[in-house]
Amino acid sequence: MSISPRQFDQLTEMGISLWQSRPLCSENKTEQSHYLLQDQQSLTNLSKQRFFKDILLSMDVTIGEINVLNDHLDVGLFNWYFRAGALEDSTEESAPLIYCTNNKLVSPSIDLISQSASLKKQLWHTISNHLLS
C-alpha cells in the first residue's frame, strides 16, 4: 500500500512510524563484489573435491539440488557465498571468517577451508549450529 507524502507527514506527526522501502545503496554493491562469482563450471569443480562432497553429504544435499546464481550457490535452505581474499584481511580477534545470518552462509573458498583444520572446524560448527538445527 502506498501513501502520499502528505499522509506520511500526518501519520508521522501522530507518532505512527512507517516502514519505507529504500533503493539499494552502494554499500551493498561493494559487499557483493567481495564474493567469488559462481557459474556452472565452478560448481563442477567443487563437485570433484572430496571435502565439498563430504559437506553436502553431512547436510543430506546432492549436487543436483544446488542452483548456481551469480555470486552464490543456492543450496536450498540457505545460500552459500564464498568471499574473495578472506584470510589476508582478517585476524583471530576480528569477525569470524565463516558465519551464517538469515540463511546466508559466508565463508572463504573451499580450497582455503580444506587446507586449514581451524577453518574446517569453524565451518562445521557454523553449519551444525545454524543450518542443521
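Residues numbered from 1 in each chain as written. Predicted model: local features only at pLDDT ≥ 70, side-chain atom pairs only at ≥ 80, totals over all residues. Heavy atoms only, no water.

From N to C terminus, the chain includes six helices and five strands. The order of α-helices and β-strands along the chain, N terminus first, is α-α-α-α-β-β-β-β-β-α-α. Within the span of the chain, comprising 133 residues, buried residues form 29% of the whole. Contacts in the chain between residues far apart in sequence, at least 24 positions, make up 57% of those at least 6 positions apart. (Helix = DSSP H or I, 4+ residues; strand = E, 2+ residues; numbered from the N terminus. Buried < 20%, exposed > 50% of the residue type's maximum accessible area, 1.4 Å probe, protein only. Contact = heavy atoms within 4.5 Å.)

With that settled, consider the packing of helix H4 (residues 50-58) against helix H6 (residues 117-131). In the contact formed by H4 and H6, the axes pass within 12 Å of each other and the chain directions differ by 20°. What the angle tells us is that H4 and H6 run roughly parallel. Seen from above, H4 lies across H6 with right-handed handedness. Facing H4, whose interface residues are Phe51, Ile55 and Ser58, H6 presents Lys120, Leu123, Trp124 and Ile127. Taken together, the residues of the contact of H4 with H6 sort by class into five nonpolar, one polar and one charged. (Axes fitted to C-alpha atoms, helices over the stretch in contact; angles between N-to-C directions. Parallel < 35°, antiparallel > 145°, perpendicular 65-115°, else oblique. Left-handed = near helix turned anticlockwise from the far one by under 90°. Nonpolar A, V, L, I, M, F, W, Y, C, P; charged D, E, K, R; others polar.)

A word on the nonpolar core. Core analysis: the largest hydrophobic core is formed by 24 residues, its most contacted members being Phe52, Leu73, Trp80, Leu105 and Leu123. Apart from residues no more than four positions distant in its own chain, Leu123 is found in contact with Phe51, Ile55, Trp80, Ile98, Leu105 and Ile113. (Core = buried A, V, L, I, M, F, W, Y, C linked by side-chain atoms within 4.5 Å.)

Strand order in the open sheet formed by five strands is E1-E2-E3-E5-E4, and the pairing between neighbours is mixed. Both outer strands of the open sheet, strand E1 (67-68) and strand E4 (99-101), are each paired with one neighbouring strand and no more. Note: strand E2 (residues 73-74) against strand E3 (residues 79-82), two bridges, orientation antiparallel. Looking at the pairing, Leu73 lines up with Trp80 of E3. (Pairing = 2+ DSSP bridges.)

Now for the environment of Lys53. With respect to the element layout, Lys53 can be found in helix H4. Residues Lys53 and Ile63, spaced 10 residues apart in sequence, show a C-alpha to C-alpha distance of 8.3 Å. Among all residues touching Lys53, those that are not within four sequence positions of it are Ser47 and Lys48.

Fine structural detail should not be taken from predicted coordinates in areas where pLDDT scores are low. Mean pLDDT for the chain: 81, with 77% of residues reaching 70 or above. Low pLDDT, under 50, characterises residues 89-93; the predicted model gives this stretch one contact beyond four residues in sequence or across chains. (pLDDT = per-residue confidence, 0-100.)

Before going further, it helps to examine the pairing of strand E5 (residues 104-107). Note that E3 and E5 share four bridges and pair parallel. By the bridge assignment, Tyr81 is partnered in E5 with Val106. Both E4 and E5 contribute to a ladder of three bridges, which runs antiparallel. Within E5, the position partnered with Cys100 by the bridge is Leu105.

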